[in-house]
Amino acid sequence: MSLKEIRNPKILQQEMARLRDRRIVIGFVPTMGALHRGHGALISRARRESEIVVVSIFVNPTQFGPREDYRRYPRPVAQDRKLLLSHEVDYLFQPSVRAMYPEGFATTVEVGGDGQRFSLSNVLCGQFRPGHFRGVATIVTKLFHLVGPCRAYFGAKDYQQSVIVRRLIKDLNLDIQLRVLPTVREKDGLAISSRNHSLNPKERERARTLSGTLFWLRDEIRLGRRNLAGLHRQAFERLRRGVDRVDYLEIVDPESLCRLTKVQPKMVALTACHVGKTRLIDNVIIRLFKKD
Ligand code: PAF
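The present account deals with the structure reproduced in this document. Computed from a predicted model, the values in this text were never measured in an experiment.

1. Some words on the site of the ligand
Step number 1: Around the ligand lies a shell formed by Pro-30, Thr-31, Met-32, Asn-60, Gln-63, Ile-139, Val-140, Phe-154, Asp-158 and Gln-161.
Step number 2: Here Gln-63 contributes a side-chain N or O atom positioned 2.6 Å from an oxygen atom of the ligand.
Step number 3: Measuring from an oxygen atom of the ligand, one finds a side-chain N or O atom of Gln-161 at 2.7 Å.
Step number 4: Relative to its unbound accessible surface of 290 Å², the ligand loses 89% to contact with the protein.
Step number 5: When contributions to the shell around the ligand are tallied by element, the ones reaching two or more residues are strand E2 (26–31) and helix H6 (132–147).
Step number 6: Of the residues in the shell around the ligand, the class split is 5 nonpolar, 4 polar and 1 charged.

2. Considering helix H9 (residues 228–242)
Step number 1: Taking 1.5 Å per residue, 15 residues should reach 21 Å; H9 reaches 21 Å between its end C-alpha atoms and fits that length.
Step number 2: Among all positions of H9, only Leu-228, Gly-230, Leu-231, Ala-235, Leu-239 and Gly-242 are buried.
Step number 3: Summarising the contacts, the buried residues of H9 are in contact with helix H8 (201–222), strand E7 (245–252) and strand E8 (266–275).

3. A short note on unusual backbone geometry
Step number 1: Even without a glycine there, the phi angle at Asn-173 is positive, about 50 degrees.
Step number 2: Along the chain, Asn-173 turns up in the loop between helix H7 (159–171) and strand E6 (176–181).
Step number 3: Look at Asn-173 and you get exposed, because its relative accessible area is 67%.
Step number 4: One non-glycine residue, Leu-257, lies in the positive phi region at around 65 degrees.
Step number 5: On the secondary structure map, Leu-257 appears in the loop between E7 and E8.

4. Examining helix H2 (residues 37–49)
Step number 1: Under the 1.5 Å per step criterion, the end-to-end length of H2 is 18 Å for 13 residues, consistent within 8% with the ideal 18 Å.
Step number 2: Inspection of H2 places Gly-38, His-39, Gly-40, Leu-42, Ile-43 and Ala-46 among the buried residues, and these make up the whole buried set.
Step number 3: In the core, the buried residues of H2 are packed alongside E2, strand E3 (52–57), helix H3 (77–86), strand E5 (150–155) and E6.

5. Some remarks on the packing of aromatic side chains
Step number 1: Considering all chains together, one arrives at 7 aromatic pairs under this definition.
Step number 2: Relative to Phe-154, the ring of Phe-144 lies with its centre 6.3 Å away and its plane at 80 degrees, an arrangement referred to as edge-to-face. Taken together, the residues Phe-144 in helix H6 and Phe-154 in strand E5 connect sequence positions 10 residues apart. With respect to burial, Phe-144 and Phe-154 carry one shared label: buried.
Step number 3: Ring pairing ties together the aromatic residues Phe-28, Phe-144 and Phe-154, which thus form one cluster.
Step number 4: The ring of Tyr-70 is capped by Arg-75, whose NZ or CZ atom sits 5.0 Å from the centre of that ring.

6. Some words on the sheet that holds strand E1 (residues 4–6)
Step number 1: The 6 strands lie next to each other as E1-E4-E3-E2-E5-E6, forming an open sheet whose pairing is parallel. Each edge of the open sheet is held by one strand with a lone partner, namely E1 and E6. Geometrically, the sheet is characterised by an average inter-axis angle of 25 degrees between neighbouring strands, direction not taken into account.
Step number 2: Note: E3 against strand E4 (residues 91–93), 3 bridges, orientation parallel. Each residue of the ladder has a partner; that of Val-54, found in E4, is Tyr-91.
Step number 3: On top of the sheet, H6 reaches E2, E3, E4, E5 and E6; it is set at about 155 degrees to E2, its chief contact.

7. Concerning the packing of H8 against H9
Step number 1: Where H8 contacts H9, the axes come no closer than 9 Å and their chain directions differ by 165 degrees. Taken together, the axes of H8 and H9 lie roughly antiparallel to each other. Between H8 and H9 lies a crossing of right-handed hand. Judged by residue contacts, Arg-206, Thr-209, Leu-210, Thr-213, Trp-216, Leu-217, Glu-220 and Ile-221 of H8 engage Leu-228, Leu-231, Gln-234, Ala-235, Arg-238, Leu-239 and Gly-242 from H9.
Step number 2: A per-class count over the contact of H8 with H9 returns 8 nonpolar, 4 polar and 3 charged.

8. Here we look at the pattern of salt bridges
Step number 1: The full count for this structure, using the stated rule, is 23 salt bridges.
Step number 2: The residue Lys-4 makes a salt bridge to Glu-15 at a minimum N-O spacing of 2.9 Å. You can see Lys-4 sitting in strand E1 and its partner Glu-15 sitting in helix H1 (residues 9–21), a full 11 residues away along the chain.
Step number 3: With relative accessibility at 36%, the residue Lys-4 sits in the partly exposed group.

Rules used throughout
Residues numbered from 1 in each chain as written. Predicted model: local features only at pLDDT ≥ 70, side-chain atom pairs only at ≥ 80, totals over all residues. Heavy atoms only, no water. Near = heavy atom within 4 Å. Polar contact = N/O pair within 3.5 Å; in protein donor to acceptor, adjacent residues only side chain to side chain. Areas by Shrake-Rupley, 256 points an atom, 1.4 Å probe, with all protein chains shown as cover. Helix = DSSP H or I, 4+ residues; strand = E, 2+ residues; numbered from the N terminus. Nonpolar A, V, L, I, M, F, W, Y, C, P; charged D, E, K, R; others polar. Expected span 1.5 Å × (residues − 1). Buried < 20%, exposed > 50% of the residue type's maximum accessible area, 1.4 Å probe, protein only. Contact = heavy atoms within 4.5 Å. Phe/Tyr/Trp six-rings, centres within 6.5 Å; stacked < 30°, edge-to-face > 60°. Lys NZ or Arg CZ within 6 Å of the ring centre and 35° of its normal. Pairing = 2+ DSSP bridges. Axes fitted to C-alpha atoms, helices over the stretch in contact; angles between N-to-C directions. Parallel < 35°, antiparallel > 145°, perpendicular 65-115°, else oblique. Left-handed = near helix turned anticlockwise from the far one by under 90°. Salt bridge = Lys/Arg side-chain N within 4 Å of Asp/Glu carboxyl O.

Here you go:
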């Protein structure tokens, strides 16, 4: 089957319902385009596990803050289409902003809210990007609603997003099987991201600081260091020396995202840093008793 492109949400919804009537298993990969090897891994897995693979490309304006890079966000349409064809994707859903947010649009979805002192959406990236996860939760809910029951594939690089989406699926009883796949990295450890292309060669070199620091932290804990506060101080200093600004470095519980003061069997260390004009995020899972 060749790549079928759909722009109209209603048509996607009807087409998906028709497939499901025939008991066809749908794999869905939501993206904002500028597709790379990380997306490729999600699509390949969806391809292996589903009869029909749907990819959405929608640069969602509501998840960008007023001073963020919505307008600058890369949109390499022809290159994206090539990747989708090479991965034998069946459907590309590429709606317009107006189709997803029609005149008078007034409904949002928020996992935890501003009213809550601590919520999955207002810690970590949420602290630095107010409203970001409301935008993500709203668009993901809409996309899930249009595609309908399916397997949905997300990357672990956006760790906080994956935790929020898991919560959303549970809280709203959505018939979605969530698959979160490991971060795909360059040879030197840098997590693959659409934003890496904005880095000049010197910045690209310094961008390695994020993964380098997280791996160092993980290894120190595995080697038996237990003083999280001391480790955090040292790791923060490493980041500060390598990047232009550190938004945060945190070691948290993998589900609640609460900051940890003591080591526990499974933890996640996350960071967001600015290198030049580019904001990068990364994370590692730290298991005390098992090798990653
Ligand atoms: O991870 C992304 O690319 C986006 O946040 C998503 C899930 C496609 C929603 O716009």
